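# Observations on chain architecture
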Amino acid sequence: MKKFIIQVFTWWNSQTIGTRLHTWRKGKRVGEDEFGNVYYTGGKDSEGRTRRWVIFNGYSEASAIPAGWHGWMHHRTDTPPTEENYQPREWQKPHQQNLTGTPYAYRPQGAISASGQRPKVGGDYDAWTPN
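A short tour of the structure in this document, coming up. As the structure is a prediction and not an experimental result, all values here were calculated from the model.

So, on to the overall build of the protein. Secondary structure summary: the protein contains three helices and three strands in total. In sequence order, the secondary structure elements of the protein are arranged as α-α-β-β-β-α. Of all 131 residues assigned to the protein, the portion counted as buried reaches 24%. A separation threshold of at least 6 residues defines the contact pool for the protein, and within that pool the share at least 24 residues apart is 38%. Of the roughly 10800 Å² of accessible surface on the protein, a fraction of 52% belongs to carbon and sulfur atoms.

What follows is the structure, given as structure tokens:
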């Protein structure tokens, strides 16, 4: 019951009732990523391309889509990551969604939201002051 009420009154949690009905009627499941997001295809858009959409596992946050699925969602590739044998390079980091605005956001030393104390600057910089 709670999930139903959330789908009726919020758009940022997984999917709405309209998205659920559209997915049920026209959607064909393509795959799922490592975060539990489920990808669908079905119907045509105004440019004649097949529509693609994602049902997020939790909050609807676009940065939660990994790079391979992002390329597929934006029609940069026709092959979804589930149908190809992609191996990331050794220098590639694992995907992490944008953490800005969360307690886990990056806060460099000296940032007001971190310690608030800027490190002492040494060297040849002399601040200008009027005479």
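Among the surface-exposed residues, Met 1, Phe 4, Ile 5, Val 8 and Phe 9 lie close enough to one another that they form a single nonpolar patch of about 580 Å² accessible area. Inspection of the secondary structure assignment puts Val 8 in helix α1 (residues 2-9).

What the three strands build is an open sheet, ordered β1-β2-β3; its pairing is antiparallel. Two strands lie at the open edges of the sheet, namely β1 (28-32) and β3 (50-55), each paired on one side alone. Across the sheet, the mean angle separating the axes of adjacent strands is 30° when strand polarity is ignored. Both β1 and strand β2 (residues 38-44) contribute to a ladder of four bridges, which runs antiparallel. Directly across from Arg 29, in β2, lies its bridge partner Tyr 40.

It is worth spelling out the nonpolar core at this point. Core analysis: the biggest nonpolar cluster contains nine residues, these being Val 30, Tyr 39, Val 54, Phe 56, Ala 64, Ile 65, Trp 69, Trp 72 and Met 73. When residues in this core are grouped by element, the largest group, three residues, is from helix α3 (residues 67-73). Those residues in contact with Phe 56 that sit more than four places away from it in its chain are Ser 14, Asn 37, Glu 61, Ala 62, Ala 64 and Ile 65.

Right, let's get into the packing of aromatic side chains. Tallied over the entire structure, the rule returns four aromatic pairs. Both rings, one in Tyr 39 and one in Trp 69, keep their centres 4.0 Å apart while their planes meet at 5°; by these two values the pair is stacked. Within this pair, whereas Tyr 39 is found in strand β2, its partner Trp 69 is found in helix α3, the two being separated by 30 residues in sequence. The pair formed by Tyr 39 and Trp 69 is uniform in burial state, with each residue classed as buried. Aromatic side chains Trp 69 and Trp 72 sit 5.5 Å apart centroid to centroid with 85° between the ring planes, which places their arrangement in the edge-to-face category. With Trp 69 and Trp 72 both in helix α3 and three residues apart, this pair spans about one turn of that helix. According to the relative accessible area criterion, Trp 69 is buried, its value standing at 4%. In this structure an aromatic cluster arises from ring pairing among Tyr 39, Trp 69 and Trp 72.

Quick notes on the rules
- Residues numbered from 1 in each chain as written.
- Predicted model: local features only at pLDDT ≥ 70, side-chain atom pairs only at ≥ 80, totals over all residues.
- Heavy atoms only, no water.
- Helix = DSSP H or I, 4+ residues; strand = E, 2+ residues; numbered from the N terminus.
- Buried < 20%, exposed > 50% of the residue type's maximum accessible area, 1.4 Å probe, protein only.
- Contact = heavy atoms within 4.5 Å.
- Areas by Shrake-Rupley, 256 points an atom, 1.4 Å probe, with all protein chains shown as cover.
- Patch = residues over 30% accessible without salt bridge, like charges linked within 9 Å, V, L, I, M, F, W, Y side chains within 5 Å.
- Salt bridge = Lys/Arg side-chain N within 4 Å of Asp/Glu carboxyl O.
- Pairing = 2+ DSSP bridges.
- Axes fitted to C-alpha atoms, helices over the stretch in contact; angles between N-to-C directions.
- Core = buried A, V, L, I, M, F, W, Y, C linked by side-chain atoms within 4.5 Å.
- Phe/Tyr/Trp six-rings, centres within 6.5 Å; stacked < 30°, edge-to-face > 60°.

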